[in-house]
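# An overview of the molecular structure
Residue strings, one per chain:
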Amino acid sequence: MAELENVEQDVFTESPPIVDIEVLEAAKENIQPLASGRRVTTLSAILTTPLAQRDVQLNSARKRHRLNVEVALQDEDDDPLEAYVRFVNWTVENYPQGQSAESGLLELLEEATRVLKDDRGGIWRGELKYLKLWVLYASFVEKQAMIYRFLLANDIGTNHAILYEEYAAALERQGRRSDADSVFLLGIARQAQPIDHLQSKHTEFQKRMMSSIAMPPPPVPEPSTRRTALGVTASSSSGPLGRGYASSSSQGDVFGSGPRTASNSRLQIFVDPTGSEPQEESRMSYPDIGTRKSRVKENVPEVQKAAGTTLKNAGRARRVASGSSSLVTSTGSTSKIVPYRDPGPAEFAEEESMSAPLTAKLPPKTPARIATVVPFRDPDCPDGGVPCTPRFTPFRDEPETPGTSMGLAAPETVMKPKVAGKGTVVLSEAEALRKDPLKNYSAEECHLVDD
């Protein structure tokens, strides 16, 4: 009874975690899918945590994993491969977006594969976990075949079938099918485990090769010279659907308007069932068609007499009438505006006689006063008190000395000229590893894998 009570208490007290599916649905575009799948609880915990708090937690966990790796590498009794595997798995789970600058997954995989290659005499080269780190690293780089050639040259994971399967798949994606078949045969000859799985993969690969060779190219439709009727498509004239549609349409219209003729048949002429001949319609007689001027009379305005018509622009007429009434005429009409008139000979002589006495009464003009400029004289100046102006002395560089020129010379790093179009592009570590996955290895180690 006590055991049953404990079981019932464990079942009913441990409530399963509640996951909000709407949070995962909103962030599904930023989650990289994995072949093994992802844990929903981990994703929910990551996405529901605030960004600042999430960064603090991830940084602390990263430092803890990094410390475990350093301790495992220094301790002879510890397992650094397992420490690296836990570090990589934690990075993959806690960074759903995959490889990024924040996760640093690509740099971590390169470090793990390079450090463990010669660690402790190379005892990790035959381990399956170490080979899977290489396979995961190859999935992020551009030259995957280079990675697998490096593994075969350095005898890393050669006793596992996954090496030959992934290598052959990479070659098949590049279209190198003969090389992929040779890789399968090499793995089978070395009895890579599991051998049954490798042989089944090889059989599937051979079937794909045979199907691609035996399959004829798709026929190219020849252009037909005959013009098809309007409203007829190929699907309606051929195939079971087209024949069914033609048979159903030949039975008659839904509304009973008679049988429906085929699209390619001749047009049937209507015949009156009574048998009476059609009567000729009465035609209207046109004795005179008129001239061209009468036929285009819609484009000619109608001519009317201007006598007795009233202008429609009342505003302008009102302004004209008011302006004409305000003019000054010789009849003595009152107006505020006085027009200017040129004076006659008598009026001009009268104006001269009136202006003469006015000009005589004007006072005479005073003569202009000539001002003399007295220059300033300095009593302290020896040359008659005239101030002396200093001469302009141009600036001259001092003669260069060997010690001074060497001390003032700019360093070469500052005075390097910049050539347009030839600047070096600085790549990040992840981009450099993506383009050259073996850039941190020596030339002697990579001479067997160069293309």
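Because the structure is a prediction, the values reported are computed rather than measured.

This next bit is on the overall build of the protein chain. Looking only at helices and strands, the protein chain has 19 helices and zero strands in total. For the protein chain, contacts bridging at least 24 residues in sequence account for 56% of all contacts bridging at least 6. Carbon and sulfur atoms make up 57% of the accessible area of the protein chain, which amounts to about 36800 Å² in all.

Turning our eyes to something else, we now look at the pattern of salt bridges. This model, assessed by the stated rule, comprises 14 salt bridges. Here Glu-76 ties to Arg-120 by a salt bridge, and the two come within 3.9 Å at their closest N and O atoms. With Glu-76 in the loop between α4 (51–74) and α5 (80–94) and Arg-120 in the loop between α6 (105–115) and α7 (128–138), the pair connects residues that are 44 residues apart, well separated along the chain. The exposure class of Glu-76 is exposed, given its relative accessible area of 59%. The exposure class of Arg-120 is partly exposed, given its relative accessible area of 22%. We note a salt bridge from Asp-118 to Arg-125, for which the minimum N-O separation is 2.7 Å. You can call Asp-118 partly exposed: its relative accessible area is 46%. A single salt-bridge network, built from bridges that share partners, covers Glu-76, Asp-119 and Arg-120.

Our next topic: the packing of aromatic side chains. Under the criterion given, the structure shown has eight aromatic pairs. With a centroid separation of 5.6 Å and an interplanar angle of 45 degrees, the aromatic rings of Trp-134 and Phe-150 are classed as tilted. Linking Trp-134 in helix α7 with Phe-150 in helix α8 (residues 144–153), this pair joins segments that are 16 residues apart in sequence. Across the pair, exposure class does not vary: Trp-134 and Phe-150 are buried alike. For the ring pair Phe-184 and Phe-205, a centre distance of 5.5 Å and an interplane angle of 35 degrees mean the geometry is tilted. Taken together, the residues Phe-184 in helix α10 (residues 177–189) and Phe-205 in helix α11 (residues 195–214) connect sequence positions 21 residues apart. Given the relative accessible area of 5%, Phe-184 is considered buried. Exposure remark for Phe-205: the relative accessible area of 0% places this residue in the buried category.

Okay, the side chain of His-160 next. Within the secondary structure layout, His-160 lies in the loop between α8 and α9 (161–173). A polar contact of 3.5 Å, which involves the side chain of His-160, links it to the side chain of Asn-159.

Taken as a class, soluble globular proteins show a tendency for nonpolar side chains to be buried jointly. Core analysis: the largest hydrophobic core is formed by 57 residues, its most contacted members being Trp-134, Tyr-137, Ile-147, Tyr-148, Leu-151, Leu-198 and Leu-438. Among residues more than four places away in sequence, those in contact with Ile-147 are Trp-134, Tyr-137, Ala-138, Val-141, Pro-437 and Leu-438.

On to the confidence of the model for the protein chain. The predicted model of the protein chain has a mean per-residue pLDDT of 74, with 60% of residues at 70 or higher. With pLDDT under 50 throughout, residues 403–415 is counted as low confidence; its partners more than four residues away or in other chains account for one contact. In the predicted structure, residues 417–423 sits below a pLDDT of 50 and forms zero contacts with residues beyond four places in sequence or in another chain.

As a further point, take the layout of surface pockets. Taken as a whole, the largest pocket spans an internal volume of roughly 710 Å³. Along its surface, the largest pocket is lined by 25 residues, and Leu-34, Ser-36, Asn-89, Val-92 and Leu-136 are the ones closest to its centre. Of all the secondary-structure elements, those providing two or more residues to the lining of the largest pocket are α3 (40–48), α5 and α7. Broken down by element, the residue count for the lining of the largest pocket peaks at six residues, all from α5. Along the lines of polarity and charge, the residues of the lining of the largest pocket split into twelve nonpolar, eight polar and five charged.

A word on the side chain of His-65. Mapping His-65 onto the fold places it in helix α4. Judged by its relative accessible area of 14%, His-65 falls in the buried class. Apart from the residues within four sequence positions on either side, His-65 is in contact with Arg-86, Phe-87 and Trp-90.

With that out of the way, let us pick up α7. Turn by turn, an α-helix covers 3.6 residues, leaving residues three or four places apart pointing in a common direction. If you check which residues of α7 are buried, you get Tyr-130, Leu-131, Leu-133, Trp-134, Val-135, Tyr-137 and Ala-138. Looking at the buried positions of α7, the neighbouring elements they touch are α5, α6, α8, α9 and α18 (429–435).

Following Gln-193, the chain continues to Pro-194 via a peptide bond in cis, the omega torsion being -5 degrees. In this structure, Arg-120 is a non-glycine residue whose phi angle is positive, near 55 degrees. The phi dihedral of Gln-191 is positive, around 55 degrees, even though this residue is not glycine. Note on placement: Gln-191 falls in the loop between α10 and α11.

What follows deals with the packing of α4 against α5. For the pair α4 and α5, interaxial distance at closest approach is 8 Å and the crossing angle is 165 degrees. One way to sum up the angle between α4 and α5 is to call them roughly antiparallel. Pair α4 / α5 crosses with left-handed handedness. Along its contact with α4, which presents Leu-58, Ala-61, Arg-62, His-65, Arg-66, Asn-68, Val-69, Ala-72 and Leu-73, the element α5 presents Pro-80, Ala-83, Tyr-84, Arg-86, Phe-87, Trp-90 and Asn-94. Looking at side-chain class alone, the contact of α4 with α5 contains ten nonpolar, three polar and three charged residues.

About the criteria used
Residues numbered from 1 in each chain as written. Predicted model: local features only at pLDDT ≥ 70, side-chain atom pairs only at ≥ 80, totals over all residues. Heavy atoms only, no water. Helix = DSSP H or I, 4+ residues; strand = E, 2+ residues; numbered from the N terminus. Contact = heavy atoms within 4.5 Å. Areas by Shrake-Rupley, 256 points an atom, 1.4 Å probe, with all protein chains shown as cover. Salt bridge = Lys/Arg side-chain N within 4 Å of Asp/Glu carboxyl O. Buried < 20%, exposed > 50% of the residue type's maximum accessible area, 1.4 Å probe, protein only. Phe/Tyr/Trp six-rings, centres within 6.5 Å; stacked < 30°, edge-to-face > 60°. Polar contact = N/O pair within 3.5 Å; in protein donor to acceptor, adjacent residues only side chain to side chain. Core = buried A, V, L, I, M, F, W, Y, C linked by side-chain atoms within 4.5 Å. pLDDT = per-residue confidence, 0-100. 1 Å grid on protein atoms, 1.4 Å probe; cavity = no way out; pocket = protein on both sides within 12 Å on 5 of 7 lines; lining within 4 Å. Points joined across faces, edges and corners; volume = space filled by probe spheres on them. Nonpolar A, V, L, I, M, F, W, Y, C, P; charged D, E, K, R; others polar. Axes fitted to C-alpha atoms, helices over the stretch in contact; angles between N-to-C directions. Parallel < 35°, antiparallel > 145°, perpendicular 65-115°, else oblique. Left-handed = near helix turned anticlockwise from the far one by under 90°.

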